[in-house]
Amino acid sequence: MRDFLVWKVPRLTPERIDEMFAEQRFVDEGGTPISVEARFAHHRFIFFHRDLPDEAAPPGELTVLYRDERLVVLDKPHFTATIPRGQHVVHSAVVRARRDLDLPELSPAHRLDRLTAGVLLCTTQREFRRDYQQVFEHHRATKTYEAVGRYRSDLVLPAEVSSHIRKERGQLQAFEVPDAAANSHTLIELLDHRDDPELGPIGRYRVSPTTGKTHQIRLHMNSLGIPIVHDPFYPEVLDQELDDFTRPLQLLARELRFIDPLDGNERVFTSERTLEAWQSS
């Protein structure tokens, strides 16, 4: 078996493969460890847990706003990925919550960008997942965000922004397609504005998207000339290290409201976080 893996998994050195056998990292379909002396067999599946990259722990506590037998509602901090992906695995919201709450089947019903903080709805078991995911897929949830962005005295608000958003694989920015049918809609309202000694004129905005395209709020606010404070992608992509936690995107999923698909009750969850650019100005 060892010789087969050395040939089949060239990115692992023979020495590392020996270590992984000793650590019982190679298992069969039932999760039983495979011995280094085991013989190769056709159509046999072998699984192994890959080595994870070192991850810098993002700041902020992952707090629980609500928990019952079906749901866990998290208040996600900035810089925390919703699901394990790429270089964000151990410290992703789902992995942390599964471990801390001892809920191995915990799964998000929707997603928040890694840079966005706020309310994240999760289901406790696989049997509930589809019902709550459909709340978001069929646009039956009311999502309200808070953002701090540039202030323009000449901009008339509230404003409804509709456009066709497209996100290409491998590109950091999403973009709007001119003259294409709208697939995204966002209501943007101004709550307050002030001058900040470092950021200049800034506004606090209530943002209500009725669709959920990638980077929708960030793109629509930028299209109005009021980009969100500390946005590393809009209006231009900035060179920012993954472990640079000094400038959190000033976007917060403030409130989530929907009718529970299983019991018919109204559910309302509100983040307890604040946006530091507004608090400190």
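Predicted, not measured: the structure shown is a model, and the values here were computed from it. (Residues numbered from 1 in each chain as written. Predicted model: local features only at pLDDT ≥ 70, side-chain atom pairs only at ≥ 80, totals over all residues. Heavy atoms only, no water.)

(A) Region of the structure containing the layout of surface pockets. The space that makes up the second largest pocket amounts to roughly 300 Å³. Lining the second largest pocket we find 14 residues, and of these Arg150, Pro227, Ile228, Val229 and His230 sit closest to its centre. The class makeup of the residues in the lining of the second largest pocket is 9 nonpolar, 1 polar and 4 charged. (1 Å grid on protein atoms, 1.4 Å probe; cavity = no way out; pocket = protein on both sides within 12 Å on 5 of 7 lines; lining within 4 Å. Points joined across faces, edges and corners; volume = space filled by probe spheres on them. Nonpolar A, V, L, I, M, F, W, Y, C, P; charged D, E, K, R; others polar.)

(B) Layout of the pairing of strand S7 (residues 142-150). With respect to burial, S7 is a largely interior element, 7 of its 9 residues being buried. As judged from the 6 bridges shared by S7 and strand S13 (residues 251-259), these two strands associate in the antiparallel manner. By the bridge assignment for S13, tyrosine 145 is matched with alanine 253. (Buried < 20%, exposed > 50% of the residue type's maximum accessible area, 1.4 Å probe, protein only. Helix = DSSP H or I, 4+ residues; strand = E, 2+ residues; numbered from the N terminus. Pairing = 2+ DSSP bridges.)

(C) Region of interest: the pattern of salt bridges. One pass over the structure, following the stated rule, counts 18 salt bridges. For the salt bridge of glutamate 105 with arginine 126, the shortest nitrogen-to-oxygen distance reads 3.3 Å. Here the residue glutamate 105 occupies a position in the loop between helix H3 (93-101) and strand S5 (107-108), and arginine 126 occupies one in helix H4 (residues 126-137), the gap between them amounting to 21 residues. Overall, glutamate 105 belongs to the partly exposed group, its relative accessible area being 29%. As a salt-bridge pair, arginine 152 and aspartate 154 come within 2.9 Å of each other at their nearest N and O atoms. You can call aspartate 154 exposed: its relative accessible area is 55%. Overlapping salt bridges, with partners in common, bring together Asp68, Glu69, Arg70, Asp260, Asp263 and Arg267 in one network. (Salt bridge = Lys/Arg side-chain N within 4 Å of Asp/Glu carboxyl O.)

(D) Structural detail: the side chain of histidine 164. Residue position: histidine 164 is located in the loop between strand S8 (159-163) and strand S9 (165-166). Of note is the side chain of histidine 164, whose polar atom sits 2.7 Å from the backbone oxygen of alanine 181. Apart from residues lying up to four places away in sequence, histidine 164 is in contact with Phe175, Glu176, Val177, Ala180, Ala181, Ala182 and Asn183. (Polar contact = N/O pair within 3.5 Å; in protein donor to acceptor, adjacent residues only side chain to side chain. Contact = heavy atoms within 4.5 Å.)

(E) Inspection of a positive patch on the surface at higher detail. Taken together, the side chains of Arg85, Arg111, Lys167 and Arg169 make up a positively charged region of the molecular surface. Locating arginine 85 in the fold gives a position in the loop between strand S4 (71-76) and H3. (Patch = residues over 30% accessible without salt bridge, like charges linked within 9 Å, V, L, I, M, F, W, Y side chains within 5 Å. Areas by Shrake-Rupley, 256 points an atom, 1.4 Å probe, with all protein chains shown as cover. Lys, Arg positive; Asp, Glu negative; His and termini not counted. Charge placed at Lys NZ, Arg CZ, Asp CG, Glu CD.)

(F) Seen up close, empty space enclosed by the protein. Within this structure, the stated rule accounts for 1 cavity of 30 Å³ or more. Each pocket or cavity is described by its volume, and for the largest cavity that value is around 70 Å³. His110, Leu112, Val119, Lys143, Thr144, Tyr145, Ala253, Glu255 and Leu256 are the residues that line the largest cavity. Contributing elements (two or more residues each) for the lining of the largest cavity: S7 and S13. In terms of residue class, the lining of the largest cavity is built from 5 nonpolar, 2 polar and 2 charged.

(G) Expanded view of the pairing of strand S3 (residues 63-67). Direction of pairing for S3 relative to S4: antiparallel, over a ladder of 4 bridges. Looking at the pairing, tyrosine 66 lines up with valine 73 of S4. Between S3 and the antiparallel strand that follows it, S4, lie 3 residues.

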